[in-house]
Amino acid sequence: MAILLEQMSRVDEAAKNYERFVRMEESRGGVAMFRAGTMMMRQRRHEHAVQYLKRAVQLEPRDPASWGNLALSLSALGQIEPSLDAAAKALALDAGDQDVRRAVSIVKARAERLQDVSRRN
């Protein structure tokens, strides 16, 4: 149901369905939280994405995609150190994954831009 709601762009309802799924089936909850977090990222609702993705990495700490998306959302919020930490974890889990490498690259570029701006001020 959550996937159908997501496809219909009923984001808030979909997220609630993902949460319900996690409560019912904790063993696959990491996937549901990853999907909810990724959906929020697409909506540029990074505060919500971070909440879901933090839960995803708690449930599935060895999932590089969850760590990579967490890094992206944290960096979009300007939380540079936590985003670099999450990016490092994603890279350590699967340095060969193209999506992980892309996420790490974006996070590092954002960090450099923010550091350049802070140096000028």
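Rules and cut-offs
Every chain is numbered on its own, with residues counted from 1 as its sequence reads. Whole-chain, interface and lining totals are the exception, using all residues; otherwise, since this is a predicted model, local features are given only for residues with pLDDT of at least 70 and side-chain atom pairs are given and counted only at 80 or more. Each side-chain value is worked out from all heavy atoms of the structure, with water and hydrogens disregarded. Numbering of helices and strands starts at the N terminus; helices are DSSP runs of H or I of at least 4 residues and strands are runs of E of at least 2. What a helix is expected to span follows from its residue count: subtract one and scale by 1.5 Å. Burial classes follow relative accessibility: with a 1.4 Å probe on protein chains only, a residue under 20% of its type's maximum area counts as buried, one over 50% as exposed, and anything between as partly exposed. Residue contacts are counted whenever heavy atoms from the two residues lie within 4.5 Å of one another. Definition of a polar contact: a pair of N or O atoms within 3.5 Å, with one able to donate and the other able to accept a hydrogen when the atoms are protein atoms, and with sequence-neighbouring residues admitted only if both atoms are side-chain atoms. Confidence scores here are pLDDT values: one per residue, from the predictor, ranging 0 to 100. Any Lys or Arg side-chain nitrogen located within 4 Å of an Asp or Glu carboxyl oxygen qualifies as a salt bridge.

K.L.:
How should helix 7 (residues 98–120) be read in this particular structure?
P.N.:
Residues that lie three or four places apart on an α-helix share one face, since the helix turns once every 3.6 residues. In this model, helix 7 (23 residues) spans 33 Å end to end at C-alpha, consistent with the 33 Å of a helix rising 1.5 Å per residue. When we look at burial in helix 7, the residues that qualify are Val100, Ala103, Val104, Val107 and Ala111. Residues of helix 7 that are buried make contact with helix 5 (64–76) and helix 6 (80–93). By the N-cap criterion, in which a side-chain oxygen at the helix start approaches the backbone nitrogen of a residue two or three places on, helix 7 is capped by Asp97, the distance to Asp99 being 2.9 Å.

K.L.:
What's the story with the environment of Met40 in this structure? I'm lost.
P.N.:
Summarising the element assignment, Met40 is placed in helix 3 (residues 29–42). Among the residues examined, Met40 registers a relative accessible area of 2% and is labelled buried. C-alpha separation for the pair Met40 and Gln51, spaced eleven residues apart in sequence, amounts to 9.9 Å. Leave out the neighbours within four places in its chain, and Met40 touches Val11, Asp12, Ala15, Arg45, His48, Ala49 and Tyr52.

K.L.:
Hey, could you run me through the confidence of the model for the protein chain in this one?
P.N.:
Per-residue confidence for the protein chain averages 85 on the pLDDT scale, and 84% of its residues sit at or above 70. When pLDDT is averaged over each helix and strand of the protein chain, the minimum, 59, is found for helix 1 (residues 2–7) and the maximum, 96, for helix 5.

K.L.:
What should I look at first to understand the pattern of salt bridges in this one?
P.N.:
Think of it this way: side chains of opposite charge can pair up when their charged atoms draw near. Under the criterion given, the structure shown has one salt bridge. Note that Arg102 is salt-bridged to Asp99, the shortest N-O span being 2.9 Å. Separated by three residues within a single helix, Arg102 and Asp99 lie in helix 7, roughly one turn from each other. The class for Arg102 is partly exposed, based on a relative accessible area of 43%.

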